[in-house]
Amino acid sequence: MLTKIDHIGIAVRDLEEAMKVYGDFTLKDADHIEELDSEGVKIAFFNVGESSIELLQPIREDCAIAKHISKRGEGIHHICYAVEDLEKAMKSLVDKGYRCLDETPRDGAHNTKVAFFHPKQTLSTLIELSQKK
Ligand code: ZN
């Protein structure tokens, strides 16, 4: 069902500072930057091989990333896996008893639709499934 690790999401307070760090490690500029207003975040992607690092900075205090940072500080927020058929994957996992945070797919960054699974059932790791639109 999962086809690859699409990206690892890292919650950061200051996107410019975080981009400098990943710029130093990847020896390039961010591959894609976007503001995802529906999620209250500004995002920078650094492609690393077939996967990427997604740096997420909150732009509103009431968004999930801001809450994550105030509770746990900066750091890894979620792992995203690519799937070919998101609705099918969601149904299959919900049928097995996993709690999906989304009843229907939501819009993700980079022209994707995504759904999240609650970390309580997934080894304390928030899992995002993503399908290209
Ligand atoms: Zn993500």
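Check the entry above for the structure.
Residues numbered from 1 in each chain as written. Predicted model: local features only at pLDDT ≥ 70, side-chain atom pairs only at ≥ 80, totals over all residues. Heavy atoms only, no water.

(A) How the structure looks around the coordination of the zinc ion. Taken together, the protein ligands of the zinc ion are His 7 (NE2), Glu 54 (OE), His 78 (NE2) and Glu 128 (OE), with distances of 2.0 to 2.2 Å. Seen from the zinc ion, its four donor atoms lie at angles of 86 to 173°, and the figure they make is irregular. We note that the donor set of the zinc ion lies within a single chain, spaced as H-x46-E-x23-H-x49-E. Of this pair, His 7 sits in strand E1 (residues 2-11) while Glu 128 sits in strand E8 (residues 127-132), placing them 121 residues apart in sequence. In this structure Glu 128 comes out as buried when scored by relative accessible area, which is 5%. (Donors = N, O, S within 2.8 Å, 3.2 Å for Na, K, Ca; no water. Tetrahedral: all angles 85-135°; square planar, octahedral: opposite > 155°, others 65-115°. Helix = DSSP H or I, 4+ residues; strand = E, 2+ residues; numbered from the N terminus. Buried < 20%, exposed > 50% of the residue type's maximum accessible area, 1.4 Å probe, protein only.)

(B) Region of interest: the pairing of strand E5 (residues 75-83). Sheet topology places E1 next to E5; eight bridges connect them, and they run antiparallel. Counterpart to Leu 2 in the pairing with E5 is Val 83. Pairing analysis gives four bridges linking E5 to E8, with the strands arranged parallel. Looking at the pairing, Tyr 81 lines up with Leu 129 of E8. (Pairing = 2+ DSSP bridges.)

(C) Spatial organisation of helix H3 (residues 86-95). Restricting attention to buried positions, one finds in H3 the residues Leu 86, Ala 89, Met 90 and Leu 93. Along the axis of H3, the buried residues cluster in a sector spanning 100°; they form a single face. Relative to its buried face, H3 has exposed residues pointing more than 90 degrees away, namely Lys 88, Lys 91 and Asp 95. Buried residues in H3 make contact with E5, strand E7 (112-117) and E8. (Arc of directions from axis to C-beta. Contact = heavy atoms within 4.5 Å.)

(D) Region of the structure containing the sheet that holds strand E6 (residues 106-108). Reading across from one edge, E2-E3-E4-E1-E5-E8-E7-E6 is the order of the eight strands in this open sheet, with mixed pairing throughout. Edge positions in the sheet fall to strand E2 (32-36) and E6, since each of these pairs with one other strand and no more. Direction aside, neighbouring strands of the sheet carry axes that sit 30° apart on average. Most of the contacts of H3 go to E7, to which it runs at about 10°, and overall it touches E5, E7 and E8. (Axes fitted to C-alpha atoms, helices over the stretch in contact; angles between N-to-C directions.)

(E) Geometry of the pattern of salt bridges. Inspection of every chain in the model, using the stated rule, returns 10 salt bridges. Across the pair Glu 17 and Lys 20 runs a salt bridge, and its minimum N-O distance is 3.2 Å. Taken together, the positions of Glu 17 and Lys 20, both in helix H1 (residues 15-26) and three residues apart, correspond to about one turn of that helix. A relative accessible area of 42% means that Glu 17 is categorised as partly exposed. Residue classification places Lys 20 among the exposed residues on the basis of a relative accessible area of 51%. When the shortest N-O distance is used, the salt bridge between Asp 31 and Lys 28 registers 2.9 Å. Salt bridges sharing partners connect three or more residues here, namely Asp 37, Arg 60 and Asp 62. (Salt bridge = Lys/Arg side-chain N within 4 Å of Asp/Glu carboxyl O.)

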